Amino acid sequence: MLGLGALAFAQPWFLAGLIALPALWWLLRLVPPPPREIAFPPIRLLLLLTGRETTARRTPWWLLLLRLTAVALLILAAARPLLFPAERLAGGGAFVVVVDDGWAAAPHWTAMRSRALAEIAQAEREGREVVLVMTAPTIDGVDATATSGSAASERLAAHRPVSWWPDRAAAAAALAALDDNRAGSLWLSDGIVRNDEDRAAAAALVDALAGLGPVRVLAPPRTERAELLVPAGDAGGALALAVRRAGIAGSTTSSVRALAGANDVLARVPLELVEGASSATARFTLPGDVLDRVRRFEREPLRSAGDVVVTDQGLGSRHVGLVAAAGPREVQPLLAERFFVERALAGQARLTAGPIDEVLDAEVSTVVLVDTEELSGTQQDALQSWIEDGGVLLRFAGPRLAERTDDPLLPVRLREGGRLLEGALSWSQPLALGGFVADGPLAGLPIAPDVRIRRQVLAEPSPETAAATLADLADGTPLVTGRRLGDGWLMLVHTTANTQWSDLPLSGTYAALLARAADLGRGRRGPIEGLLQPVSVLDAYGRLVDPDPTVRPVPAGELVSGTVGPTRPPGLYADPVTGATLALNLATTDDVIQSLDPADLGRAIAPLAAGREADLAPWLLVGAFALLLVDLAVVGLLRGQGFGRRLRPAAVALLVVGAPGVAHAVDSLAVTTATPLAYVASGDPELDRLAAAGIEGLARTLFRRTSVEPGELVAVDIAVDPLELFPILFWPVPDSVRPLDEDSVARFLAFLEGGGMVVFDTRDANLSFGGTLADTPGMERLRTLLGEIDLPPLAAVDPDHALTKSFYLLQDFPGRFAGQPLWVDVAQPGVNDGVSSIVIGSHDWLGAWATDDLDRPLLPVVPGGERQREMARRVGVNLVMYALTGNYKTDQVHIPTLLERLGQ
């Protein structure tokens, strides 16, 4: 690198090219400017032939200077000038760049990627290898392989953040395998940790980088880091979602909206995070039929996958009742059974809590009864009738039930006292979960391996108990029993709904059990089992997209308990047979996020900001390109063509593609400078777009193959434009027409009497049969369009007609379609030199000629393919040449002279 204060050149050897500028000046002076070209002007021919043309011997000095400046700018751009170049990187070995590319990086990805690319470019200039590490795992894990700077830049430029959490522990393990104690490193962090384990992984990552050499850590400001939307329990029975942020910042306002499957907004709830708070809650109180339509909740503004919660089978149908006596809540609400049930069902179902009478009146599908609630005999009878009618009762055991085993609403007989599995008076150890019965209603639910049951109520051993067991512990004793009662289910969990007797309420198995019970209630379609296929997944920016091939089918049980990852991103998964769906979200009810602080890493965290270095090469290239465009315009003016004509194809292409229609205003002076080609505008935007593209394609063909140099492409309005300026008009008949008014009819007839030619194209040869025009739909539209105009007699073009030999020798006249004759009016002797004024066909010639700005055909041609398209182009050439030259090819006067010359 060559440094000149605030300016430096990354590749200074290209500056040697400046030495060649004097030689280039001398060479350009010897080359005269191109000769002036004069296109054949049909009308202004006499006006232009007035003076004697002269040509300069040498290129003007100012044009030489312009060209040399453009070349100098290109040389300077190749030398990669840098303004305020970055300082040299620390260390002397490979340069390690670690980038957090999980969901929390999405709001800052542009800044993170730009900073990383700038650092990699500096490493490449210093000739150092680069180790680029993305902390979010792929299906192959986390890679830490040294590559060239250009390869690392290409990989990073094409990379996008993902919708799952980073794995910094895996990144630290991959970096520990590097053998380079001189490597400098940079960690671009999202600044977010989930828990103490994640905080320790971040510290381990920094330690691994420090073992390689000097370390720098950059992160977004704490007030701008990503936030997380999670489902949250709500005592009022409403559906609640909480927004949680890392650290404590100032007050912010936003909103959460509920969306249906077609992105329709069903409800929007404002949300305010007050100063000093780390979370806020948005509550949705919606009717059941509206909740059935909710498919996801989004926070506005949407910045990342952390701002989205996806729902599955319909929150309105999954309606659960929790029996709770009236009165004040528990003294320790965070330890109460009701609290754990509410938290587990948050975001999975609509919950109604209250006395049993209110719960049953709310038309719930499932009722949860915890041990702290008691029912009277009348209430038990009402609940039993409700179960027999298709409801599901899910009971939890506890100290009260252990002492009262004669309750009629039990699936099995119980022993008194319960079973203690730990403590000074017990010889047993806490037991792990065993499994769920394969053919039972709870089959397929996940089994959390770290759950331990410390106490349970025991069922009396009997064949009935064995048949009623739905889940057991590791020693075979029942954990969940159940039996059919009428059309419904009566189930008992043989431990408490809170953590008093077990760790079950802290696991995903607990939430899955409650959700399954809700699905078994009346009105629900039952549990989802088997392999689920990904339907749509969330990307890092919170958008639902189609899954890529790395996303694999997932067993329903694993999906309920599993965490998100490269093969299991958040989104919707469906049973391919039944179509039932399950939602997998990035966050669960208990997830929180915290800020990554300098104290966690033992070093400073610098703000994520772009460096001052600016690459001037793109600006120099733009300047050189602008000067070359000026040179192109100047050369066009010197040759008499003008800048607009030299760029006409590109301008017309932009007009055709970008505009809904072509302007109808005709510049009378412009169309007289060269042969204009025109079509009659129909008012149909799609037909006019194709007509303009067809005329442009024909113009290119004429320019390449004939001496005709087409001028302006014009869309003509019959009612207002001067028709006498055009030798030929192409008139595609639209699908919807109305008769011409009297003024338009008079102008049309005057155009024909003045020697003009109109080519009507009904575009319906594929719908026509036989050799007559009488009954085709296109002819009916043409009759409607021309109204009462008395057209001259028509005749099919015979093999001796001038149209068959005006330029190419043709036997038929195909377009996009083929097989129908071409009709012309029978010209009267001595009128218009015997040239026909009206041509009528149905082969859609404009569609066959239509091309884009790269000269690629826009529409297919049938049945003859590209050979037929070539013949269609020849038809267009013959039509234009016939309109311009008349019937001179039928003149017999010069045949003897021509034959005599051929004989010589």
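What counts, and where the lines are drawn
Residues numbered from 1 in each chain as written. Predicted model: local features only at pLDDT ≥ 70, side-chain atom pairs only at ≥ 80, totals over all residues. Heavy atoms only, no water. Pairing = 2+ DSSP bridges. Helix = DSSP H or I, 4+ residues; strand = E, 2+ residues; numbered from the N terminus. Axes fitted to C-alpha atoms, helices over the stretch in contact; angles between N-to-C directions. Phe/Tyr/Trp six-rings, centres within 6.5 Å; stacked < 30°, edge-to-face > 60°. Lys NZ or Arg CZ within 6 Å of the ring centre and 35° of its normal. Expected span 1.5 Å × (residues − 1). Buried < 20%, exposed > 50% of the residue type's maximum accessible area, 1.4 Å probe, protein only. Polar contact = N/O pair within 3.5 Å; in protein donor to acceptor, adjacent residues only side chain to side chain. Parallel < 35°, antiparallel > 145°, perpendicular 65-115°, else oblique. Contact = heavy atoms within 4.5 Å. Nonpolar A, V, L, I, M, F, W, Y, C, P; charged D, E, K, R; others polar.

Participant: Help me understand the sheet that holds strand β15 (residues 296-300), please; the structure alone is not making it clear to me.
Facilitator: Strand pairing in a sheet takes place through backbone hydrogen bonds and is either antiparallel or parallel in direction. Spatially, four strands are ordered β13-β12-β15-β16 in an open sheet, and the strand pairing comes out antiparallel. Single-partner strands in this sheet number two, and they are β13 (265-273) and β16 (308-310). Going from strand to strand, the sheet's axes swing by 15° on average, the running direction of each strand aside. Judged from the five bridges that link them, strand β12 (residues 252-259) and β15 form a sheet pairing that is antiparallel. Considered in β15, the bridge of Ser255 is made with Glu300.

Participant: What exactly am I supposed to notice about the packing of aromatic side chains here?
Facilitator: The geometry of an aromatic ring pair is captured by two quantities: the separation of the ring centres and the angle between the planes. On inspection of all chains with the given rule, the structure shows nine aromatic pairs. With 5.5 Å between their ring centres and 80° between their planes, Phe339 and Phe340 make a pair best called edge-to-face. Site record: aromatic cluster; members linked through ring pairs are Trp731, Phe748 and Phe760. The ring of Trp165 is capped by Arg194, whose NZ or CZ atom sits 4.1 Å from the centre of that ring.

Participant: Can you help me understand helix α14 (residues 508-520) in this one?
Facilitator: Across its 13 residues, α14 extends 18 Å between first and last C-alpha, which sits within 8% of the 18 Å expected from 1.5 Å per residue. Burial of α14 is extensive: 12 of the 13 residues sit out of reach of the surface. Turning to α14, its buried residues number three or more, namely Thr509, Tyr510, Ala511, Ala512, Leu513, Leu514, Ala515, Arg516, Ala517, Ala518, Asp519 and Leu520.

Participant: Just to check I follow, could you spell out helix α21 (residues 685-705) for this structure?
Facilitator: Helix length check: α21, at 21 residues, gives a terminal C-alpha distance of 30 Å against a target of 30 Å (1.5 Å per residue), a fit within 8%. Taking burial as the measure, the 21 residues of α21 include 15 buried ones, the bulk of the element. With a side-chain oxygen lying 3.2 Å from the backbone nitrogen of Glu686, the N-terminal cap of α21 falls on Asp684.

Participant: Is there a simple way to explain the packing of helix α9 (residues 337-345) against α14 in this structure?
Facilitator: In helix packing, the relevant descriptors are the interaxial angle and the interaxial distance, both defined with respect to the helix axes. Contact pair α9 / α14: the axes reach a minimum separation of 9 Å and the direction vectors enclose 75°. The orientation of α9 with respect to α14, classified from their angle, is roughly perpendicular. Residue-level contacts link Phe340, Val341, Ala344 and Leu345 of α9 to Tyr510, Ala511, Leu514 and Ala515 of α14. When its residues are assigned to classes, the contact of α9 with α14 shows eight nonpolar, no polar and no charged.

Participant: Would you mind going over unusual backbone geometry with me for this structure?
Facilitator: Across residues other than glycine, the phi torsion is negative in most instances, and most of the peptide bonds are trans. The peptide bond linking Glu300 to Pro301 adopts the cis configuration, its omega dihedral lying at 0°. Here the residue pair Val862 and Pro863 is connected by a cis peptide bond, since its omega of 0° sits within 30 degrees of zero. Looking at the secondary structure, you find Pro863 in the loop between α24 (845-849) and α25 (865-885). Although it is not a glycine, Asp844 adopts a positive phi angle of roughly 55°. Residue class for Asp844 comes out buried when judged on its relative accessible area of 8%.

Participant: I keep staring at the side chain of Arg869 and nothing clicks. Help me out?
Facilitator: Within the fold, Arg869 resides in helix α25. The exposure class assigned to Arg869 is buried, which follows from its relative accessible area of 2%. Non-local contacts of Arg869, meaning those with residues more than four positions away in its chain, are made with Gly847, Ala848, Pro857, Leu859, Pro860 and Val861.

These figures come from the coordinates and say nothing about function on their own.
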